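Coordinate analysis (summary)
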Amino acid sequence: MNKYLLKLYITGCTPQSERAISNLYRICEAEMQGQFEVQIIDVLQSPELAEKDRIIATPTLIKDLPQPLRRIIGDLSDVERVLRGLDIEQIHGQP
Amino acid sequence: MSSYHSNRISKLATGIAGFDAIAKGGLPEGRTTLIAGSAGSAKTVFAVQFLAEGIRQFDQHGVFVTFEEAPADIRRNMASLGWDIAAWEAAGCWAFVDASPLPGEAEVIAGAYDLGALLARIEVAVNRVGARRLAMDSLGSLFSHFENHALIRNELFRISAALKLMNITAIMTAERTQEYGDISRYGVEEFVVDNVMILRNVLDGEKRRRTVELLKFRGTEHQKGEYPLTVLPGQGIVVIPLSAIELKQRSSNTRLTSGSRELDAMCGGGFFRDSIILVSGATGCGKTLITTEFAASGASGDERCLFLAFEESRDQLTRNATGWGKNFEDLESRGLLRVIATYPETMGLEDHLIAIKMAIDEFQPNRVAVDSLSALERVSTVKGYREFVIGLTSFIKHREIAGLFTSTTPRLIGGESITEAHISTITDSIILLRYVEMFGEITRGITVLKMRGSAHDKEIREFSIDANGMHIGKAFRNVTGILSGHPRHVEPQEIGRLNALFVNHNEA
């Protein structure tokens, strides 16, 4: 399967940021079978990257690969929406 | 930063022509002002110009946060107004924070978020260029982008609080759905800002009218009501601060000639130098001739005259003048006269006013002649026309220029016009030209109805035109009712008999 290339933008080490990071890793490990690479970017540390990607809201998750590019905004607590956003078909519950 | 001793909010001059006059100095410094306006009300132009004038006039740098148009579009659109944003960016005076939507990219909301990244980017941009000014355009797209409006309002409040700490004077633009009604679509004004102004683009009697209104400037003074504004190529927004104009014109006793010795005599020795003279009459009764005499007569004393024609072309005016023994071409080549002929319909009245002001500032005339002022009535609403007339007269008087305006009366005999109704109280002199029908013949009559600050001839005199220009003859005798349009001949015997009756009556 294709490898996932993900970027997660956060603004500082807030509880919201930490929630987003742990939610992301939980989803990746459950759904991507080790085929993922995650980059965490703090807007306060790298504002030029945030400028380039036009980040307004944080946390924002960007799926660079596989195509197409997707953006998911929020602390990723709504797992169902995150999976839909990442184009991952939910196989749970199927025989 | 704010002083311990004073709670007064200082103002930051925007540099936008006319705006600082109605805002009594400018926008509240270190605060955020909301600019609400419907589509096409020049919100973006105002936002860009706020930063542009800061750079051009005050060396104050700026940050532009765009939620709607991409920076490349803004750079290109504003070039026509004479602003080279790319050059300012290169010089480190201007920074964009690009928050415009990414085309064709689906976005999913999955959990709690805030606009921390936007605030961080704004802070970085402000520090990078050393900004004193910031503009956000426009909040509507931010609200349509994120569905949690309460959160967005809260975040905007956080951003404006952060800007206040950095002592940034900021403006935010927001959409309105109707010209008169709720201030803005998403209720931003109630939560986020202390200061609100409204830009309008109203259809009024088939004419578009742009205005600006300062709704509230918390804790500071400003002018109330709507003020007309216009957007000019190469200049941007120009606000016309009509009733903010103070009546502080000086009054002069210096007289200048009208171009006719007889008319000067009727006026008690000529027009005053800083006076406004209204010449009213029906079509063809000699208004353009009086204007021509007025325009040409300053030349002998090296006075310059600006002749603004709204009814006839340059060629027609020059030919008419030649017919009356005045050489306009010679006067123009010597720099003593400038004739500008335009159709009233070419632009709105606000733009006419600004074009006239610019022509006056450039040519520096001693006299301004407008033939005819009433031709401009038809391109505007009554309110817009009155504002135009007041704006023009006060501008002329401020510069100690003599202004001669003509007004065409709608009726051939007798008559009055809108122009007279609006202008008569601000004019210093009124000269009436009227057709007089007597014994089956039409002759012309002239009278000085009003001459502020001077004695004048009160008779109605006969007025004739020949190859040398105009001639004022004897007063009409034995005729009554000329002004009302119903001249009636009175027999000399009748006058004698009436006088006799009057005497007898007194003696009795």
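What you are looking at is a predicted structure, and each value in this text was computed from that prediction instead of being measured.

Reading guide: rules and limits
Residues numbered from 1 in each chain as written. Chains lettered and ligands numbered in written order. Predicted model: local features only at pLDDT ≥ 70, side-chain atom pairs only at ≥ 80, totals over all residues. Heavy atoms only, no water. Contact = heavy atoms within 4.5 Å. Buried area = accessible area lost by both parts, 1.4 Å probe. Salt bridge = Lys/Arg side-chain N within 4 Å of Asp/Glu carboxyl O. Polar contact = N/O pair within 3.5 Å; in protein donor to acceptor, adjacent residues only side chain to side chain. Helix = DSSP H or I, 4+ residues; strand = E, 2+ residues; numbered from the N terminus. pLDDT = per-residue confidence, 0-100. Core = buried A, V, L, I, M, F, W, Y, C linked by side-chain atoms within 4.5 Å. Buried < 20%, exposed > 50% of the residue type's maximum accessible area, 1.4 Å probe, protein only. Pairing = 2+ DSSP bridges. Axes fitted to C-alpha atoms, helices over the stretch in contact; angles between N-to-C directions. Phe/Tyr/Trp six-rings, centres within 6.5 Å; stacked < 30°, edge-to-face > 60°. Lys NZ or Arg CZ within 6 Å of the ring centre and 35° of its normal.

**Brief notes about the interface of chain B and chain A**
Across the contact, 27 residues belong to chain B and 28 residues belong to chain A. Summed over the three residues of chain B that lose the most area to chain A, namely Val108, Ala110 and Arg121 of chain B, the buried surface amounts to 26% of that side. Counting across the chain B and chain A interface gives two salt bridges. As a salt-bridge pair, Glu51 of chain A and Arg121 of chain B come within 3.0 Å of each other at their nearest N and O atoms. At the boundary of chain B and chain A, one finds 17 residue pairs in polar contact (both at pLDDT 80 or more). Breaking the side of chain B that touches chain A down by element, the ones donating at least two residues are strand E5 (94-98), strand E6 (107-109), helix H5 (116-129) and helix H6 (139-145) of chain B. If one sorts the elements of the side of chain B that touches chain A by residue count, H5 of chain B sits on top with six residues.

**Structural notes on the confidence of the model for chain A**
Residues with a pLDDT of 70 or more make up 92% of chain A, whose mean pLDDT is 88. Across chain A, the element-wise mean pLDDT spans from 89 in helix H3 (residues 79-85) of chain A up to 94 in strand E1 (residues 4-10) of chain A.

**Concerning the nonpolar core**
In this structure, Val63, Leu118, Leu134 and Phe146 of chain B are the most contacted members of the largest nonpolar core, which totals 40 residues. If sequence neighbours within four positions are ignored, Leu118 of chain B has contacts with Ile55 and Ile56 of chain A together with Val65, Phe67, Val97, Ala99 and Ile159 of chain B. If you look at the next biggest cluster of nonpolar residues, it comprises 39 residues, including Phe271, Ala282, Cys285 and Ala321 of chain B.

**A closer look at the sheet that holds strand E16 (residues 305-309) of chain B**
All names here are of chain B. In space, the nine strands of this open sheet follow the order E17-E16-E18-E19-E15-E20-E21-E22-E23, with mixed pairing throughout. Sheet topology places strand E17 (337-341) and strand E23 (469-475) at the edges, where each strand pairs with a single neighbour. Direction aside, the axes of adjacent strands within the sheet are offset by 20° on average. Looking at chain direction, E16 and E17 are connected through five bridges and run parallel. Within E17, the position partnered with Ala309 by the bridge is Ala341. Against the sheet, helix H10 (residues 287-297) engages strand E15 (276-281), E16, E17, strand E18 (367-371), strand E19 (402-408), strand E20 (429-438), strand E21 (441-451), strand E22 (461-466) and E23, with an angle of about 170° to E19.

**Topic: the packing of aromatic side chains**
All names here are of chain B. Under the counting rule described, the total for this entry stands at eight aromatic pairs over all chains. Relative to Phe46, the ring of Phe19 has its centre 5.2 Å away and its plane inclined at 75°; by these criteria the two rings are edge-to-face. Residue Phe19 is found in helix H1 (residues 19-22), and its partner Phe46 is found in helix H2 (residues 43-58); the two are separated by 27 residues along the sequence. Here Phe19 and Phe46 have matching classes, each one buried. Here Phe307 and Phe328 contribute two aromatic rings whose centre-to-centre distance is 5.9 Å and whose plane-to-plane angle is 65°, an arrangement assigned as edge-to-face. Of this pair, Phe307 sits in strand E16 while Phe328 sits in helix H12 (residues 328-333), placing them 21 residues apart in sequence. Taken individually, Phe307 and Phe328 each receive the classification buried, so the pair is uniform in this respect. These aromatic residues form a ring-pair network of at least three members: Phe64, Trp88, Trp94 and Phe96. Lying over the aromatic face of Phe363, Arg304 brings its terminal NZ or CZ to 6.0 Å of the ring centre. In this structure, Arg367 packs its charged tip against the face of Phe294, placed 4.9 Å from the ring centre.

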